[in-house]
Amino acid sequence: MPTSPVAAPSRLIVGARLPLSRLGTELERGVPQRLAEESGRRIGPAGLLRYSVDRGPFSLSSADGQLVIETALQGRAEACSGSRCYAGCEPQATARAVVPLWLLPDYRFDRSRVSVQFTRGCKVRALGGLLSVDVTPMLRSAIAPQLERVRAQIDSQLPELRAHVERGWRQLARPRELPLAGCLLLDPVGLVQGPMVESEGVLHARFALLARPELREECGSAPAARALPPLSADPALPEEDVVVFGMAAPLARLARAFRAASNGDPRTQVTHAAVEAHGNDIVAELTIAGELCGTVALHAEPAFGEDGLLTLGKGQLAPADGERVRAAGGDPAQLARQLTELPQLAPPVALAVLRAAPAALASLFSDPELQLSAELSSLRAAGAMARGEQLVAQVEARGRLVLAPR
C-alpha cells in the first residue's frame, strides 16, 4: 500500500525586535572621554612630546549587514624642550567598530572589528623648521589598547541571542491545548536568518521557523523534542510567507459519516464502513443494503474547499466490484459518485474561527520574557489528504509572527 509522503516544512516568518539602546548607554558610561595621554615621550632632537586624545559621543548605524559604531577623536600634541613648548598640532580621527549582523551558525554574533582613520594628521616642526616629525603613528599606537578595550566592551554588551533562541525553540516545540478544544503542534525543524538592520537603537531581525504546523483533536503523547539545529542564512527572506498547516481528524470519523449519511436512495444505504489511507487518498470498504447489498471498495480523494467541509471526490469502485454492480443492472460510475458524495465532515476548527484566532494562538507561545504576536494577511482552504489513520484538512495562510522582549 502506498505510504503518505512527509510534508515539506513551511516557513513561518518571525520578525524580532532587539533593543540596542543599552549598548550605546553602556559605552558612554564605560569608555572614558580621554582615550590616551602622555606628557614626556622622547622624539629625538625635537625634544619631548606631550599629547592627549579625547573621544566624542558614540553613534550607531547599520550598513551592508553590519552594525557600525563610531566616535570622533580629537587630539592635541605639543613638542616641548624643557619647560617651553614650541610647536603643536590638533589631529582628528574617527574610531569605528563594525559588528557583523549575520549571526554564526551557533546563533552568536561574530567578533567585532575596530579601526581608526585619521582625517587630519599631526606633524611638529623643530630646529627652526629643519626637522619635521610626524607623530600620527605614535598617536595611533597610543590609542590602540584603549580601542581594543572598547571592542571587548561592545562584544560583551551585544545581546546573547542563543539563550533567547533556545528558550523560544522549546516554547515552540511544546504541544498546546487550545482554549476551546483541540491541540496545536508546530513541529519545528529548523531556523533561517534573513536580513537584520538597525533603526533608532533597535535591531530589527528577520528569521524563518521551518515547521509543519498542525491542529489536532487532542495532543496525545508529545513527540520527542529536537535539539536546536544550526542557523542557516537567506538574504532574500521575505517579510511574510505562505504557511500550509493541517487540521487532523481520525479516519474513523469518515467511516461514521458514511454510515450516518443518507441521500434518500435505499440502494446506497451504508450499513458498515471501514476506511484506510491509500497514499494521500482513501479506500473505503462499504457494506450496502438494498438491491445492491454486499461490500464494495471505493477509492476516492479527500477534498477541503471554501465551503469549509471535508468531502470526497473522484470516487471509483474497485474493478471487480464495478463488474458485479453492472451484472446486477446498476451503473458503477453512478454508484461510485453517489457513495463519494455521502460523507461531509466539519474540520476540527472552522475557517471562520481560524481567521480570527492567530492573535490568541500566538499568545499561547509567549512567556514572561518574550511576547509572540501574529499578523495574518490571508487564509484559505487548500485541499485535504489522508495520512496514516488521520484525515488532514490543509489550510494556507499568509502572514508573519513578531517576537519582542517584554
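Here, every reference points to the structure presented above.
Residues numbered from 1 in each chain as written. Predicted model: local features only at pLDDT ≥ 70, side-chain atom pairs only at ≥ 80, totals over all residues. Heavy atoms only, no water.

**Q** Explain the overall build of the protein chain here, please?
**A** Along its length, the protein chain carries 8 helices and 23 strands. The C-alpha atoms of the protein chain give a radius of gyration of 35 Å, which is well past the 22 Å a tight globule of 406 residues would have. For the protein chain, the C-alpha atoms occupy an extent of roughly 125 × 35 × 30 Å along the three principal directions. The 406 residues of the protein chain split such that 45% are buried. Surface summary for the protein chain: the accessible area is close to 20,100 Å², and the carbon and sulfur share equals 52%. Counting 44 positive and 44 negative side-chain charges, the protein chain places the averaged centre of each group 10 Å from the other. (Helix = DSSP H or I, 4+ residues; strand = E, 2+ residues; numbered from the N terminus. Rg over C-alpha atoms; globule rule 2.2 N^0.38 Å. Buried < 20%, exposed > 50% of the residue type's maximum accessible area, 1.4 Å probe, protein only. Areas by Shrake-Rupley, 256 points an atom, 1.4 Å probe, with all protein chains shown as cover. Lys, Arg positive; Asp, Glu negative; His and termini not counted. Charge placed at Lys NZ, Arg CZ, Asp CG, Glu CD.)

**Q** What is the right way to look at helix α5 (residues 319-327) in this model?
**A** Given 3.6 residues per turn, any residue in an α-helix points the same way as the ones three and four places further on. Burial in α5 covers these residues: D321, G322 and V325. Buried residues in α5, looked at end-on, bunch into an arc of 100 degrees, giving them a common side. For α5, the exposed residues set more than 90 degrees away from the buried face come down to P319, A320, E323 and A327. In this structure, the buried residues of α5 make contact with β20 (294-304), β21 (310-317) and α6 (332-340). After α5 finishes, the residue G329 shows a positive phi value of roughly 90 degrees. (Arc of directions from axis to C-beta. Contact = heavy atoms within 4.5 Å.)

**Q** Looking at this structure, how should I read the state of the cysteines?
**A** The term disulfide refers to a covalent linkage connecting the sulfur atoms of a pair of cysteines. Summed over the entire model, instances satisfying the criterion amount to 3 disulfides. Paired through a disulfide, C89 and C122 show a sulfur-sulfur distance of 1.6 Å. One end of the pair, C89, is in strand β6 (residues 84-89); the other, C122, is in the loop between β8 (113-120) and β9 (123-126), and 33 residues separate them in sequence. Within the protein chain, bonded cysteines paired by disulfides and numbered along the sequence follow the pattern 1-2, 3-4, 5-6. (Disulfide = S-S within 2.5 Å.)

**Q** How should I be thinking about the sheet that holds strand β19 (residues 281-288) in this particular structure?
**A** Backbone-to-backbone hydrogen bonds join strands into a sheet, with any given pair of strands oriented parallel or antiparallel. On the basis of which strands lie adjacent, the open sheet formed by 4 strands has the order β18-β19-β20-β21 and antiparallel pairing. Strand pairing shows two members of the sheet lacking a second neighbour, β18 (270-278) and β21, which therefore form its edges. Geometrically, the sheet is characterised by an average inter-axis angle of 35 degrees between neighbouring strands, direction not taken into account. Two elements, β20 and β21, share 6 bridges in a ladder whose sense is antiparallel. Within β21, the position partnered with L298 by the bridge is L317. (Pairing = 2+ DSSP bridges. Axes fitted to C-alpha atoms, helices over the stretch in contact; angles between N-to-C directions.)

**Q** Mind showing me how you'd approach the nonpolar core here?
**A** Within soluble globular proteins, side chains that are nonpolar tend to cluster in buried spots. I69, L73, F109, V124, V135, M196 and L209 are the most contacted members of the largest nonpolar core, which totals 60 residues. Looking at which element gives the most residues to this core, the answer is helix α2 (residues 136-157), with 6 residues. Apart from residues lying up to four places away in sequence, L209 is in contact with S10, R11, L12, V14, W169, L172, L186, P188, G190 and L191. If you look at the next biggest cluster of nonpolar residues, it comprises 43 residues, including L254, I288, A300 and L351. (Core = buried A, V, L, I, M, F, W, Y, C linked by side-chain atoms within 4.5 Å.)

**Q** In this structure, what is going on with the pattern of salt bridges? I would like to understand it.
**A** Pairing between side chains of opposite charge can happen when the charged atoms of each approach one another. With the rule as written, the count across this model stands at 26 salt bridges. For R11, the salt bridge is made with D234, and the minimal N-O distance between the two is 3.3 Å. Here R11, found in strand β1 (residues 10-19), pairs with D234, found in the loop between β16 (232-233) and β17 (241-250); they are 223 residues apart in sequence, far enough to count as distant. Looking at R11, the relative accessible area reads 26%, which means it is partly exposed. One salt bridge connects E301 with K314, and the closest N-O pair in it is separated by 4.0 Å. With a gap of 13 residues between them, E301 in strand β20 and K314 in strand β21 connect regions that are remote in the sequence. (Salt bridge = Lys/Arg side-chain N within 4 Å of Asp/Glu carboxyl O.)

**Q** Please explain the environment of M138 as it appears in this structure.
**A** Examined against the element boundaries, M138 turns out to sit in helix α2. Relative accessible area serves as the criterion here: at 18%, M138 is assigned to the buried category. As for M138 and A257, which are separated by 119 residues in sequence, their C-alpha atoms are 87 Å apart. Those residues in contact with M138 that lie beyond four places of it in its chain are R41, I43 and L49.

**Q** Would you mind going over helix α4 (residues 251-260) with me for this structure?
**A** L251, L254, A255, A257 and F258 are the residues of α4 that are buried. Buried positions in α4, seen along its axis, are confined to an arc of 160 degrees and lie on one side of it.

**Q** Could you clarify how one ought to interpret the environment of Y107 in this entry?
**A** Note that Y107 resides in the loop between β7 (92-100) and β8. On the accessibility criterion, Y107 (1% relative accessible area) is buried. Along the primary structure Y107 and L161 are separated by 54 residues, whereas in three dimensions their C-alpha atoms are 6.3 Å apart. Ignoring sequence-local partners within four residues, the contact set of Y107 consists of L161, R162, V165, L191, L228, P229, P230 and L231. Separated by 2.6 Å, the side chain of Y107 and the backbone oxygen of P229 make a polar contact. (Polar contact = N/O pair within 3.5 Å; in protein donor to acceptor, adjacent residues only side chain to side chain.)

**Q** Please clarify how the side chain of Q146 should be interpreted in this entry.
**A** Relative to the assigned elements, Q146 resides in helix α2. Classification of Q146 by relative accessible area gives buried; the value is 9%. The residues contacting Q146, other than those within four sequence positions of it, are V31, P32 and L35.

**Q** Sorry if this is basic, but what is going on with the environment of Y51 here?
**A** Here Y51 lies in strand β3 (residues 48-55). Looking at Y51, the relative accessible area reads 4%, which means it is buried. With 24 residues separating them in the primary sequence, Y51 and G75 have C-alpha atoms 7.2 Å apart. Y51 has contacts with A36, E37, E38, R41, R76, A77, L139 and A142, leaving out every residue within four places of it along the chain. At a separation of 2.8 Å, a polar atom in the side chain of Y51 contacts the side chain of E38.

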